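Observations on the model geometry
Chain residues, written in single-letter form:
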Amino acid sequence: MTDTGSAGVVRVTGQGAGRQVTRLLHRAREARLAGERSGVAPRPEIDASWDRVVRSGIDPDQSPESRLLEADEIELRRRGTALGELMPLLRAGLASIADAAQQIMVVTDTEGRVLWRQGNTGVLRRAHDICLEEGAAWAEAATGTNAIGTALAARVPIQVHSAEHFIRALHSWTCAAAPVRDPRDGRLIGIVDISGPASTFHPATLALVDSVARLAEGEIRTRHLAEIERLRAVAAPILCRIGGRALAVDVHGRLAAVTGMAPVDRLPLPKSLRPGPVWLPSLGMCQVEPLPGGWLVRVDDGGAQGEPRRVVLDLSRPRALAVHLTGPLGSRTQRLSPRHAELLYALAVHRQGRTASELARDIFGDATRTVTVRAEVSRLRRHLAEVLAHRPYRFGDGVEVEVIHPEHGADLLPHSLAPVVAEARRAAARAT
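Residues numbered from 1 in each chain as written. Predicted model: local features only at pLDDT ≥ 70, side-chain atom pairs only at ≥ 80, totals over all residues. Heavy atoms only, no water.

What follows concerns the overall build of the chain. Along the chain, the regular secondary structure elements total 12 helices and 19 strands. What you see for the chain is a C-alpha radius of gyration of 30 Å, clearly larger than the 22 Å of a compact globule of 432 residues, by over 25%. In the chain, buried positions account for 47% of the 432 residues. Accessible surface for the chain amounts to roughly 21,000 Å². Of this, 51% is attributable to carbon and sulfur atoms. A gap of 3 Å separates the mean positions of the 56 positive and 49 negative side-chain charges of the chain. (Helix = DSSP H or I, 4+ residues; strand = E, 2+ residues; numbered from the N terminus. Rg over C-alpha atoms; globule rule 2.2 N^0.38 Å. Buried < 20%, exposed > 50% of the residue type's maximum accessible area, 1.4 Å probe, protein only. Areas by Shrake-Rupley, 256 points an atom, 1.4 Å probe, with all protein chains shown as cover. Lys, Arg positive; Asp, Glu negative; His and termini not counted. Charge placed at Lys NZ, Arg CZ, Asp CG, Glu CD.)

Shown next as C-alpha cells:
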C-alpha cells in the first residue's frame, strides 16, 4: 500500500505488501543507509524508527540473535514485574487466539527482554531461528525496527510487517505490540506482543493486542483499589486514636485514609522510606510507621519543635565524613561526600548565610561557578531540607550547629582545595 504525503514523498506501508511494495521499502531503506534523499519512505512511525536504528549503527544484514539471559536472571525479572500477576489474563486474552492464528504471544520487560512466550507450537519452533525466545533482547538498539522495540521507544502501540523490519532476517515475520503501564504511577512495566509468519498478518491484530494491554492495566487498577480498601480497614481504627494530622498511604503514596487534614490523592514518598522520623517536603517533619501494605504517616505539628534542632558536622575522620541530626522525633546520620562536607563547613562558618556566588568563592575560589554550587546544594537539600534554608543558603533559624574537627586542626579535610577550608587549616597552623 502507498500514499503520497507532503513534498510528494510516497509513504509505503508493508501491511498486505506484495513484491512491488517490498521492493519500494527496500529502496527506501537503501537510500536511508546511503544518506540519500528518496521519493519513497515508509509510514512516519516506521520512518522515525529507521532513523533511530541507523543512528545506533544497526546493520540491516545482521542476525537478530542476542545473548540470552540466564534462567535465574529471567526468573528474577519475572518476580520483579507486575506483569507476572497478569499472565493468566494475558494468556486467556491473547495466547489462545495467537495459537489459532498461527502466531505466538510474547511478553517483555521495559528493556525489551523476553520474559514469557506462548502460542502455536510450530511458530515457537520457527521463532527459535530469529532468537525470539525467553531471555532474548528485542529493543531497537539490539534488533532494529520491530514491534516490541519500537513500541518501547515510541511508547505507543505499533504493528510492524514484513519489510518494515529493518533487519532483513525479519522480513518474513509480522508483529504487533502495545505498552503496558502501571496505572498507580504511570510507569511503563512491559510490552505485550503477538508475532508470527508474515502470511498470518491481519489488520485487526494491533487493536486486539492494545485492547488486552488496556485490560491488563485495568486489572492492576482493580487490584490496587482492593489493596487500598484493605489498608483503609487496617488504618481506620488507628487513625481514630491519633490526635493531630495523620495519613495512611500505600507503598506508592496513594491515600487510603486521613485524619485532621484535607485529603490528597498521592503523597510523594522518598525512594527508600524507612520507619522513624522523616522529612517530607509537602508535610514537614513526620513520624513514619509500617502498616500491612503501606505506611502510617503522622505529621509533627510542633512547628519548629518538630524539626531537628541540633546538627553535628563530624569532620574528625576524612574517610568517615558525616552529619548527625537530632530533634524531638529522634536522631539520624547522613554520610557526606568531601564536596558536601566542604559546603556544610562553609555554612557552619558563615551562620548568617551565603549567596551562591559567595559559596562558589568559598569552595572554588571563583565567584562565577554558581551553577555548580546550586546543583550541589540542591543535592544536599534532598537529604537535609529540614535544616538547610536558602535565599541565602544557610542553616535554618533555631538550628544549633557543632563542628567536630580532627585532633590536629591542620588535618581538616586534608585533600580539600576549598579556600574556606585552606584558611581554617592555616589559622590552625598559626595557632600552634
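What follows picks up the thread again.
The subject of this paragraph is the state of the cysteines. Under the criterion given, the structure shown has zero disulfides. Free cysteine: Cys175, not disulfide-bonded; nearest cysteine sulfur from Cys131 at 15 Å. Residue Cys175 is classed as buried on the basis of its relative accessible area of 7%. Left without a disulfide partner, Cys286 is nearest to the cysteine sulfur of Cys240, which lies 20 Å away. (Disulfide = S-S within 2.5 Å.)

So, about the pairing of strand E12 (residues 284-291). Burial of E12 is extensive: six of the eight residues sit out of reach of the surface. Pairing between strand E11 (residues 276-280) and E12: five bridges, direction antiparallel. The partner of Gly276 across the bridge, within E12, is Val288. Here E11 folds back onto E12 in antiparallel fashion, the turn holding three residues. Relative to strand E13 (residues 294-299), E12 is paired through six bridges, and the arrangement is antiparallel. Within the sheet, the bridge partner assigned to Leu291 lies in E13 and is Gly294. Connecting E12 to the next strand, E13, in antiparallel fashion are two residues, including Gly293 with a positive phi near 85°. (Pairing = 2+ DSSP bridges.)

For the structure on display, the rule yields 26 salt bridges. Ionic pairing is found between Glu219 and Arg223, a salt bridge with its closest N-O pair at 2.8 Å. Note that Glu219 and Arg223 are positioned in helix H8 (residues 205-240) at a spacing of four residues, about one turn of the helix. Where Glu423 meets Arg430, a salt bridge forms, and the shortest distance between an N and an O atom there is 3.4 Å. Where salt bridges share partners, they join Glu73, Arg77, Asp109 and Glu111 into one cluster. (Salt bridge = Lys/Arg side-chain N within 4 Å of Asp/Glu carboxyl O.)

Turning to the environment of Ala178, a few remarks are in order. The residue Ala178 is located in strand E7 (residues 173-181) in this model. Those residues in contact with Ala178 that lie beyond four places of it in its chain are Pro157, Gly190, Ile191, Val192, Val209, Asp210 and Ala213. (Contact = heavy atoms within 4.5 Å.)

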